[in-house]
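# Residue-level structural notes
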Amino acid sequence: MEVILRYFIFLIIVYFMSNLFKKVTSAAMALMIVLSIVSPASGVMAAYSTLEAANKLASLGVIVDQSANPANYRLGDSITRGEMAKITMKLSETQVADMCE
């Protein structure tokens, strides 16, 4: 009888914890949706600072200067592992070969 009672209590706890988790998750998602609707300008500000960062990297000689036509930076495109490795090496001021030997 005691085992059945413990199992029943365990099931009740699991039920309430799962409902609590669902409620907390739902509230967090709702808050994120509201915040994304209320402040859409944050994406514009991020793009502006990304352009500034690209111009800074270009002034350091890490990437090719495209400040005359910022669309050529292709800031929305993905970066390959090779490109990231080369940028990292240039930032660390290590000599980088353009081809493998």
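Reference entry: report on the structure contained in this document. Here, residues in each chain are numbered from 1, in the same order as that chain's written sequence. A pLDDT threshold of at least 70 governs which residues receive local features in this predicted model, and a stricter bar of 80 or more applies before side-chain atom pairs are shown or counted, although totals over entire chains, interfaces and linings include all residues. In computing side-chain properties, one takes all heavy atoms of the structure into account and sets aside hydrogens as well as water.

### Points about the overall build of the protein
In terms of helices and strands, the protein carries 3 helices and 0 strands. Counting from the N terminus, the helices are the DSSP runs of H or I reaching at least four residues and the strands are the DSSP runs of E reaching at least two. When the helices and strands of the protein are placed in sequence order, the string is α-α-α. Across the protein, the fraction of contacts at a sequence separation of at least 24, relative to all contacts at a separation of at least 6, is 27%. Only the protein chains shown count as cover for residues, with accessible areas throughout obtained via the Shrake-Rupley method and a probe of 1.4 Å. Carbon and sulfur atoms make up 69% of the accessible area of the protein, which amounts to about 9000 Å² in all. In this analysis, two residues are considered to be in contact whenever any of their non-hydrogen atoms come within 4.5 Å of each other.

### Things to note about the layout of surface pockets
The pocket and cavity definitions rest on a 1 Å grid over protein atoms only: a 1.4 Å probe that fits but cannot leave marks a cavity, an open set with protein on both sides within 12 Å along at least five of seven lines marks a pocket, and residues lining either have an atom within 4 Å of a point. Grid points are joined across faces, edges and corners, and a volume is the space filled by probe spheres set on the points. Each pocket or cavity is described by its volume, and for the largest pocket that value is around 680 Å³. Note on residue classes: Ala, Val, Leu, Ile, Met, Phe, Trp, Tyr, Cys and Pro are nonpolar, Asp, Glu, Lys and Arg are charged, and everything else, Gly too, is polar. Residue composition of the lining of the largest pocket, by class: 10 nonpolar, 5 polar and 5 charged.

### Things to note about the pattern of salt bridges
What counts as a salt bridge is simple: a side-chain nitrogen of Lys or Arg found within 4 Å of a carboxyl oxygen of Asp or Glu. Scanning the model with the defined rule gives 1 salt bridge in all. Between Asp-77 and Arg-74 there is a salt bridge, with the nearest N and O atoms lying 2.7 Å from each other. By relative accessible area, which is 45% here, Asp-77 ends up partly exposed. Only protein chains enter the accessibility calculation, which uses a 1.4 Å probe; a residue whose area is less than 20% of its type maximum is buried, one above 50% is exposed, and one in between is partly exposed. On the accessibility criterion, Arg-74 (53% relative accessible area) is exposed.

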